[in-house]
Amino acid sequence: MVTQAYRFALDPTSRQERGLWSHAGAARFAWNWGLAACRDRYDAEGKWWSGAELHRLWNREKKSDPGLGWWSENSKCVYQEAFRDLDRALREFVRSRKGVRKGRRLGFPRFKKRGRCRDSFRFGAGAMRCSGRTVTLPRLGTIHTHESTRKLARRLENGTARILSATVSRTAHRWYVSFTVQLDRIVAERHVRPGSAVGVDLGVKTLLTAVDDHGRVTRIAGPKALRTGLRKLQRLGKAHSRKQRGSTNRAKAAKRLARHHARVADIRADALHKATTHLAARYETVVVEDLNVPGMIANRRLARAVADQGFGAARRMLEYKTGWNGGRLVVADRWFPSSKTCSGCGGRKPSLSLSERTFRCDACGLTLDRDVNAAINLRDLAASGAEKRNACGGAVRPGLAGQPPAKQEPGGRERGHDRGRRRASGGYPNSGCPHPLTFQVTVTS
């Protein structure tokens, strides 16, 4: 049993769209109401309300306060789920302050303002179904979808899936519903190609460069959606800034700008899904690097190119897709010198600038493309006993000479002597590519 999400675009009528806006506003109001109550109690008693306590407090207030008589126009689940989200945000804030939570430091939850926050709400109970090209949601009824839902509908009819919740959100001009489903998924015990391995090197010029155990080199050129649509993005942003605040024309310009941003994100996600699906289905062991993406984005010269490729999303997709196909994902240590190490003799260069696109070994004379050399080193790491997925032990990874291996978690602080070796580039330019996602496979001796 696995938990998976199915996302469908909605085609609501005008009346149904007003209901969607109303539910989104109710969820935003419940968040702000609960946050104000928590802050008042913290100022008086030094603690805040939990999600269940907020729900009980809301049930008393909504019946006694005449200004809250409109609450029954929306589903009761919207308010309850908003209080649960607020409770989760407060708990994660405390864990982040204590240093228990990984990742960036979280701030205290803030109030949500209409037009400045994401319009979304969630149903945790009620009639949630899908059939054909329609979905059924509590209080909203049956809404047509932009695409067929038969893939999920067949699982619900067969009894192999159960809907846990439904989250409705708005992106640009379109509403989406995402069903969180617990389903009985058939996971292969063995991969269709047992023993196959591939090393994947991510880059900004080429989305990824992969070398398998037979020496075949695969280069997948990314679409670079942001770079391609940057001129239009600048034009739309300038047109939006010139409109008068609060005017109808400014709202129309904002919608056009949001649609273009959504298109860029969809193109990037489509390319990443195709590339990761190809690797997970073809190879049992996939080896990638634990790249410091926040550190790369901090470099103003590389930030746009790194963000346009989506390194973090590629690794996240490979994690669950390799498991679905009976394979495994091996994550190399962040300090593993894949680019500086010679794939022929194992010698290591003391430094390698980003402008050097060809690796030349001073010891054995090997001359090879920089990204291909890094992918070979990553592929060979799969046979060295490295841990899979987000391995954090230091004893299984090659460390620096004369120094004990250090335990490093993804997203942790960099060591001083390795701060200057962030990798953020690779591959050949995407020139003459007939399709945004092109597989160029060459066999090397």
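Structural notes, computed from the coordinates. Just so you know, these numbers come straight off a predicted model, no measurement behind them.

A closer look at the side chain of aspartate 333
Here aspartate 333 is to be found in the loop between β12 (328-332) and β13 (358-360). The buried category is assigned to aspartate 333, whose relative accessible area is 11%. Of the polar contacts made by the side chain of aspartate 333, one reaches the backbone nitrogen of tryptophan 335; its length is 3.1 Å.

Focus on a positive patch on the surface
Side chains of Lys232, Arg235, Lys252, Lys255, Arg256, Arg259 and Arg263 sit close together on the surface and give a patch of like positive charge. If you list the elements that add at least two residues to the positive patch, you get α6 (230-242) and α7 (248-282). In terms of residue count, α7 provides more of the positive patch than any other element does, five residues in total. Among the structural elements, arginine 235 can be located in helix α6.

Quick notes on the packing of α6 against α7
Describing two packed helices takes the angle between their axes plus the distance from one axis to the other. As a packed pair, α6 and α7 sit with axes 9 Å apart at the nearest point and diverge in direction by 160°. It follows from the interaxial angle that α6 and α7 lie roughly antiparallel. Seen from above, α6 lies across α7 with left-handed handedness. Of the residues in α7, those in contact with Lys232, Leu233, Leu236, Gly237, His240 and Ser241 of α6 are Arg250, Ala253, Ala254, Arg256, Leu257, His260 and His261.

Overview of the pairing of strand β7 (residues 174-183)
In terms of burial, β7 is largely enclosed, as eight of its 10 residues are buried. As paired elements, strand β1 (residues 2-11) and β7 share eight bridges and run antiparallel to each other. Bridging across to β7, arginine 7 finds its partner in serine 178. By the bridge criterion, 10 bridges tie strand β6 (residues 161-171) to β7 in an arrangement that is antiparallel. Looking at β7, one finds that threonine 171 is bridged to arginine 174.

What counts and how
Residues numbered from 1 in each chain as written. Predicted model: local features only at pLDDT ≥ 70, side-chain atom pairs only at ≥ 80, totals over all residues. Heavy atoms only, no water. Helix = DSSP H or I, 4+ residues; strand = E, 2+ residues; numbered from the N terminus. Buried < 20%, exposed > 50% of the residue type's maximum accessible area, 1.4 Å probe, protein only. Polar contact = N/O pair within 3.5 Å; in protein donor to acceptor, adjacent residues only side chain to side chain. Patch = residues over 30% accessible without salt bridge, like charges linked within 9 Å, V, L, I, M, F, W, Y side chains within 5 Å. Areas by Shrake-Rupley, 256 points an atom, 1.4 Å probe, with all protein chains shown as cover. Salt bridge = Lys/Arg side-chain N within 4 Å of Asp/Glu carboxyl O. Lys, Arg positive; Asp, Glu negative; His and termini not counted. Charge placed at Lys NZ, Arg CZ, Asp CG, Glu CD. Axes fitted to C-alpha atoms, helices over the stretch in contact; angles between N-to-C directions. Parallel < 35°, antiparallel > 145°, perpendicular 65-115°, else oblique. Left-handed = near helix turned anticlockwise from the far one by under 90°. Contact = heavy atoms within 4.5 Å. Pairing = 2+ DSSP bridges.

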